[in-house]
Amino acid sequence: MTRLLHIDASARLHGSDSHAHGSHSRRLSQRFVRGWRELNPADEIVVRDVGLAPPTPVSDRWIHAAFTPAARREPWMTQVLAESDALIDELLAADLIVAGVPMYNFGVPAPFKAWIDNVVRVGRTFGFDRQREGEPYWPMLSDAGKTLVLLSSRGDYGYGAGERLAHINHVEPAVLTPMRYLGITDSHGAAVEYDEFGGDDLRASIERAEAQVDALVQRLSHERATRAAA
């Protein structure tokens, strides 16, 4: 059985397939999850909607608590880190992470950045030892077999690798870099473009992205099933 963690980060609370001014990233992430559920009805799906309920941003007290060894933490430190612990526990339990993350001003929405800041944590998702030979940091999730599916949306077009606006696309790097730092290196994605243009260009982009999502569902489901049977 695969455990799927479904994260949405859009401030728009409905998908664009059901609401005229809805979210394209939610449309894609929800499509993926529906397709996955059809193929794998017994799989567990956990929903974390950071667009609706943003995680608490990292604070001075959070940093103090996180960098205090667990055995020496005071009760208030445990309380400050409780939300972070819950988010990390969800990530650790997941085999497949499906993240709907739209582009806001060339980067990720603030609530998703808060989610990243809460799950990238020393001693829980990455290790650090200044006495260690070579690199003092190491990923703690490298052998967990996790897969990330990043589904995005953009107002303009040409943000893909090697395209005209790739140099100002800070969504994929902002998500993939910290996830790879933790050891989640198997990643896939799709994106809707032309949102600010509308019309036929937007419709065609949605169709392409939905086809990519459907293909990802089929391929990743087959890979998981093959791996489980081996």
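Everything discussed here concerns the structure shown above.
Numbers given to residues run from 1 along each chain, matching the order in which its sequence is written. The predicted origin of the model limits local features to residues at a pLDDT of at least 70 and limits the giving and counting of side-chain atom pairs to 80 or more, whereas totals for whole chains, interfaces and linings rest on all residues. As a convention, hydrogens and water are excluded, and side-chain values are obtained from all of the structure's heavy atoms.

Caption draft 1: Region of the structure containing the side chain of Asp8. By the criteria applied, helices consist of DSSP H or I runs no shorter than four residues and strands consist of E runs no shorter than two, each listed in order from the N terminus. Take Asp8: it is sitting in strand 1 (residues 3–8). Overall, Asp8 belongs to the buried group, its relative accessible area being 4%. Residues within four places of Asp8 in sequence aside, it is in contact with Ser25, Arg26, Ser29, Gln30, Arg48, Asp49, Val50, Gly51 and Gly100. Relative accessibility decides the category of a residue: with a 1.4 Å probe and only protein chains considered, values under 20% of the type maximum give buried, values over 50% give exposed, and everything between is partly exposed. Whether two residues are in contact is decided by their heavy atoms, any of which lying within 4.5 Å being enough.

Caption draft 2: How the structure looks around the sheet that holds strand 3 (residues 96–100). A pair of strands is considered paired only if DSSP assigns at least 2 bridges between the two. Across the sheet, five strands lie side by side as 2-1-3-6-7; this open sheet has parallel pairing. A single partner strand is all that each edge strand has here, and the edge strands are strand 2 (44–49) and strand 7 (186–192). Each strand of the sheet is rotated relative to its neighbour by a mean of 15°, with strand direction disregarded. Note: strand 6 (residues 147–153) against strand 7, seven bridges, orientation parallel. Bridge pairing links Val149 to His188 in strand 7. Between N-to-C directions, angles cover 0 to 180 degrees, with each direction set by a line fitted to C-alpha atoms, over the stretch in contact for helices. Helix 7 (residues 199–229) contacts strand 3, strand 6 and strand 7 of the sheet and is inclined by roughly 160° relative to strand 7.

Caption draft 3: Spotlight on the packing of aromatic side chains. The pairing test for Phe, Tyr and Trp rings, Trp by its six-membered ring, is centres within 6.5 Å, and the orientation test on the planes gives stacked under 30 degrees, edge-to-face over 60, and tilted for anything in between. Summed over the entire model, instances satisfying the criterion amount to nine aromatic pairs. On the numbers, 4.9 Å between centres and 40° between planes, the contact of Phe128 with Tyr137 is tilted. Note on Phe128: relative accessible area 34%, which makes it partly exposed. Classification of Tyr137 as partly exposed rests on a relative accessible area of 37%. A centroid spacing of 5.7 Å and a plane angle of 70° characterise the contact between Tyr157 and Phe197, whose relative ring orientation is edge-to-face. In this pair, Tyr157 is assigned in the loop between strand 6 and helix 6 (171–182) and Phe197 in the loop between strand 7 and helix 7, connecting sequence segments 40 residues apart. An aromatic cluster of three or more residues is present, and its members are Phe126, Phe128, Tyr137 and Tyr181. In our convention, an over-ring charge means Lys NZ or Arg CZ found within 6 Å of a ring centre and within 35 degrees of that ring's normal. A cation over an aromatic ring shows up here: Arg164 above the ring of Tyr157, its NZ or CZ 4.3 Å from the ring centre.

Caption draft 4: Examining the environment of Phe112 more closely. Mapped onto the secondary structure, Phe112 falls in helix 5 (residues 110–119). Considered as a pair, Phe112 and Leu216 are 104 residues apart in the sequence and their alpha carbons are 23 Å apart. Contacts of Phe112, omitting those with residues within four sequence positions, involve Ile7, Ala9, Val50, Ala99, Val101 and Val175.

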